[in-house]
Amino acid sequence: MLEWLSEFWKHNWEFVVAIIAAKLLIGFMLVNAIFSVWLERKVAGRIQDRLGPTRVGGKFGWLQTLADGMKLLIKEDTIPAAADQMLFRVGPYIALVGSFLAFIALPYGDGIIAREMNIGLFFMLAVMSSEVFGIILIGYGSGSKWSLFGGMREAAQMVSYEIPMALCVLVPVIVAGSMNLSEVAKQQQGIWNWYIFHDPFTFAAFWTYFTCAMASCKRAPFDLAEAESELVAGFHTEYSGFRWLVIFMAEYGSMFAVSGIANIMFLGGWSIGLPWELTTVFAQFLGEWPGWIVGNVLNVSVFMVKGWLLVFVMMWVRWTLPRLRIDQVMMLCLKYLIPISCILMAGVSLWTLYMPLLAQWIISLVIFVLSVAGTGFVVFRLITWAALPPGTGMPGMWRMEGLPGYQGAAKTH
Amino acid sequence: MLQTDLHSYVQLFAFGLVAGLTGLCAIATVVTQNIVRSATWLLFTLAGTSGIFFLLGADFVGAIQLLIYVGGTMVLVVFGVMLTAQGPFIHMKTNGAEWAISIAAGILLFSVLSVGLGSEYLARATGARGVSKDEDTKDSHHAATIGQALSGAPYGPERKNDNNAGTHYLLPFEIVSVHLLVVLIGAAYLARAKRRKEEIT
């Protein structure tokens, strides 16, 4: 019997590994949603000068999302009489599956990937586009005007924003010469080799991509599909309970997925910024397998921290900027983002073909130094501003001495 | 003794599952009378086809299938709903004659496909037509030949000395494209004609 089992294992270990990988991915997606919702509430609270969750699970409200999840699980799951029953039920799951499939091709570390694909990037873009279909079905199947408006807006938005998003992602692909996400990440060892610093075009492509990615996750300022001030709650007006939860798991999953693409294509993937692959470094000191495990634990944590940093930036933008109008959203894409991304793609092709190598190297160094200096300056100003006593001219404050009601610098001195 | 290697079973099971679901969804596409539900079933069918491509290891074709057809179905739903909707949920009635015609067309297509595939299989099995018996289907260049013929290039690598060296499918391909154009114009005309009638009345 034991002999048979070991023989069985020798032939079929891949299936066991595949099942474990699938479980891990689903687990990660759920934990990611729980953590991101908590983070979103804390960030929103901080930006709007309130506390956010503080009670459930200690001082920082760590368990608030779990409590919410419990509430949503036991909440009544209503289906409106006017709704198309089948589409109403099936929509959230299409959205969730579209978002989940993207994680299959996403590498978290050196060899930590569910399925290695030559066209991993393209696969991720393709499956994430099917998430929109779920949203449209949700909007249409609800049988409500608000939902239908939300769904149609989402369709219009996604059909347009997919184009600049894909074109911007192609800019580092042209530099890297590969769509294999692990390979692209491995080419960027050392922070100065990150593709965002490679040339002016990739630098601009990162910001353009990130804008489109925010729009594709229907995050504010592009959350026209939701637009709670005009459309009640947009496409998910009629949803409650677990189905509503599923919609939001899909949204937070795809937020991490697009951030993961940005990480790998522009920000070095799981590289912490050192010019060596951590697994090979640790393999020299600890032996092959322990080194691989230790190195990859570090890699995966670096990748997740980077991903959540980008997710944090999305939240920061959401709670800072006001929502655009639908015509402004469409104009931004069709008049600006698409031409910009076309120019970026043509530019980076010409750059890699005709620019002398020395000039490429110097300019990428200049971009790197300027970005680091700029980031340092911003962080320094933020810290000094935060240290000021209250009432002494925070950024954006209206400094007008003569204005009635002004309690600025003059009073405290 | 039990079989210890599950690979062939799992592959067969996965293929059967995906293919069966795809077939069921295809039937549901035809049977459903609600236009948006039908489009949803169509989406599932196309996604199932891409699943078969992924099972075969053709990642690129599978991803293309997903990207193009999901986008296409989405546009179909949006325009299908926006241009033709009169009630909130449209129901299409299919009468007996339509059923008969479509079933006949389906049987005809199935028989053409099975005869084509069957004759190829027979030729392979008996070694007729110069196709060697143990030639692996995976290594054959038939798909490439058809692709080249579609693009107007008249020959594939192994058909150079064939009598059919001159055949290419550019003309039928173009005719199909023109047919698609006709369908597009027709759809636009139908949608506009309805609106005009509303304006008059």
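Residues numbered from 1 in each chain as written. Chains lettered and ligands numbered in written order. Predicted model: local features only at pLDDT ≥ 70, side-chain atom pairs only at ≥ 80, totals over all residues.

### Some details on the overall build of chain B
(1) Moving on: Helix and strand content of chain B: six helices and zero strands.
(2) Moving on: Relative to its 201 residues, chain B shows a buried fraction of 14%.
(3) Moving on: When contacts within chain B are restricted to residue pairs at least 6 apart in sequence, long-range pairs at least 24 apart make up 39% of them. (Helix = DSSP H or I, 4+ residues; strand = E, 2+ residues; numbered from the N terminus. Buried ≥ 20, exposed ≤ 12 C-beta atoms within 10 Å, placed from the backbone. Contact = placed C-beta atoms within 7 Å.)

### Comments concerning the overall build of chain A
(1) Moving on: Along the backbone of chain A there are 14 helices and zero strands.
(2) Moving on: A compact globule built from 413 residues would reach a C-alpha radius of gyration of about 22 Å, and chain A, at 24 Å, matches this within 12%.
(3) Moving on: The 413 residues of chain A split such that 42% are buried. (Rg over C-alpha atoms; globule rule 2.2 N^0.38 Å.)

### As for helix α7 (residues 200-216) of chain A
(1) Moving on: Taking 1.5 Å of rise per residue, the 17 residues of α7 of chain A would be expected to cover 24 Å, and the 24 Å separating its terminal C-alpha atoms lies within 8% of that figure.
(2) Moving on: The buried count for α7 of chain A comes to 14 of 17 residues, which makes it a mostly enclosed element. (Expected span 1.5 Å × (residues − 1).)

### Side note on the confidence of the model for chain A
Interpretation of the predicted coordinates at a detailed level should be avoided for regions scoring low in pLDDT.
(1) Moving on: Across chain A, the average pLDDT comes to 84, with 94% of residues at or above 70.
(2) Moving on: Within chain A, the lowest mean pLDDT, 50, falls on helix α14 (residues 409-412) of chain A, and the highest, 90, falls on α7 of chain A. (pLDDT = per-residue confidence, 0-100.)

### Digging into the nonpolar core
(1) Moving on: Residues Met124, Tyr209 and Ala262 of chain A are the most contacted members of the largest nonpolar core, which totals 115 residues.
(2) Moving on: Excluding residues that lie within four positions of it along the chain, alanine 262 of chain A makes contacts with Phe206, Tyr209, Phe210, Ala213, Leu267 and Leu310 of chain A. (Core = buried A, V, L, I, M, F, W, Y, C linked by C-beta atoms within 7 Å.)

### Re the interface of chain B and chain A
(1) Moving on: Of the residues lining the interface, 22 residues belong to chain B; the matching set on chain A comes to 27 residues.
(2) Moving on: Those elements that provide at least two residues to the side of chain B that touches chain A are α2 (35-55) and α3 (59-84) of chain B.
(3) Moving on: Ranked by residue count, the leading element in the side of chain B that touches chain A is α3 of chain B, at 12 residues.

### Notes on the packing of helix α3 (residues 85-102) of chain A against helix α4 (residues 120-141) of chain A
Residue and element names in this part refer to chain A.
(1) Moving on: The contact between α3 and α4 brings their axes to 7 Å, and the two run at 165°. If you check the angle between α3 and α4, you find them roughly antiparallel. Classified by chirality, the crossing of α4 by α3 is left-handed. Contact with α3, carried on its side by Leu87, Phe88, Val90, Gly91, Pro92, Ile94, Ala95, Gly98, Ser99, Leu101 and Ala102, involves Met124, Val127, Met128, Ser130, Glu131, Phe133, Gly134, Ile135, Leu137, Ile138, Tyr140 and Gly141 of α4 and no other residues of that element. (Axes fitted to C-alpha atoms, helices over the stretch in contact; angles between N-to-C directions. Parallel < 35°, antiparallel > 145°, perpendicular 65-115°, else oblique. Left-handed = near helix turned anticlockwise from the far one by under 90°.)

### Examining helix α1 (residues 2-47) of chain A
All names here are of chain A.
(1) Moving on: Its maximal kink placed at asparagine 12, α1 deviates by approximately 70°.
(2) Moving on: Among the residues of α1, Met29, Asn32, Ala33, Ser36, Val37, Trp38 and Glu40 are the ones counted as buried.
(3) Moving on: In this fold, the buried residues of α1 make contact with α2 (64-74), α3, α9 (241-266) and α11 (288-320).
(4) Moving on: The positive-phi residue at the C-terminal boundary of α1 is aspartate 49, with phi of around 65°. (Bend = angle between axes of the 7 residues up to and from the residue.)

### Quick word on the confidence of the model for chain B
Residue and element names in this part refer to chain B.
(1) Moving on: Confidence in the prediction of chain B, expressed as mean pLDDT, is 74, and 65% of residues score 70 or more.
(2) Moving on: Across chain B, element-level confidence peaks in helix α1 (residues 7-31) with a mean pLDDT of 87 and bottoms out in helix α5 (residues 142-150) with 64.
(3) Moving on: Under the prediction, the complex receives an ipTM of 0.77, its pTM being 0.80.

### Some words on the environment of valine 258 of chain A
Residues and elements named next belong to chain A.
(1) Moving on: Secondary-structure assignment places valine 258 in helix α9.
(2) Moving on: On the basis of neighbour count, valine 258 is assigned to the buried category, with 28 C-beta atoms found within 10 Å.
(3) Moving on: When the C-alpha positions of valine 258 and cysteine 217 are compared, they lie 8.3 Å apart, and in sequence the two are 41 residues distant.
(4) Moving on: Not counting chain neighbours up to four residues away, the residues in contact with valine 258 comprise Ala213, Ser216 and Cys217.

### Quick notes on unusual backbone geometry
Residues and elements named next belong to chain A.
(1) Moving on: Although it is not a glycine, lysine 218 sits at a positive phi angle of roughly 45°.
(2) Moving on: Within the element layout of this structure, lysine 218 appears in the loop between α7 and α8 (228-231).
(3) Moving on: Taking the number of C-beta atoms within 10 Å as the measure of exposure, lysine 218 has 26 and is therefore buried.

### Digging into the environment of alanine 373 of chain A
(1) Moving on: Tracing the sequence through the fold places alanine 373 of chain A in helix α13 (residues 357-387).
(2) Moving on: Placed 346 residues apart in sequence, alanine 373 of chain A and glycine 27 of chain A show a C-alpha to C-alpha distance of 39 Å.

### Brief notes about the packing of α2 of chain A against α9 of chain A
Residue and element names in this part refer to chain A.
(1) Moving on: Where α2 contacts α9, the axes come no closer than 6 Å and their chain directions differ by 135°. If you check the angle between α2 and α9, you find them oblique. On the side of α2, the interface is formed by Gly69, Leu72 and Leu73, while α9 contributes Gly241, Phe242, Trp244 and Leu245.
(2) Moving on: Split into classes, the residues belonging to the contact of α2 with α9 amount to five nonpolar, two polar and no charged. (Nonpolar A, V, L, I, M, F, W, Y, C, P; charged D, E, K, R; others polar.)

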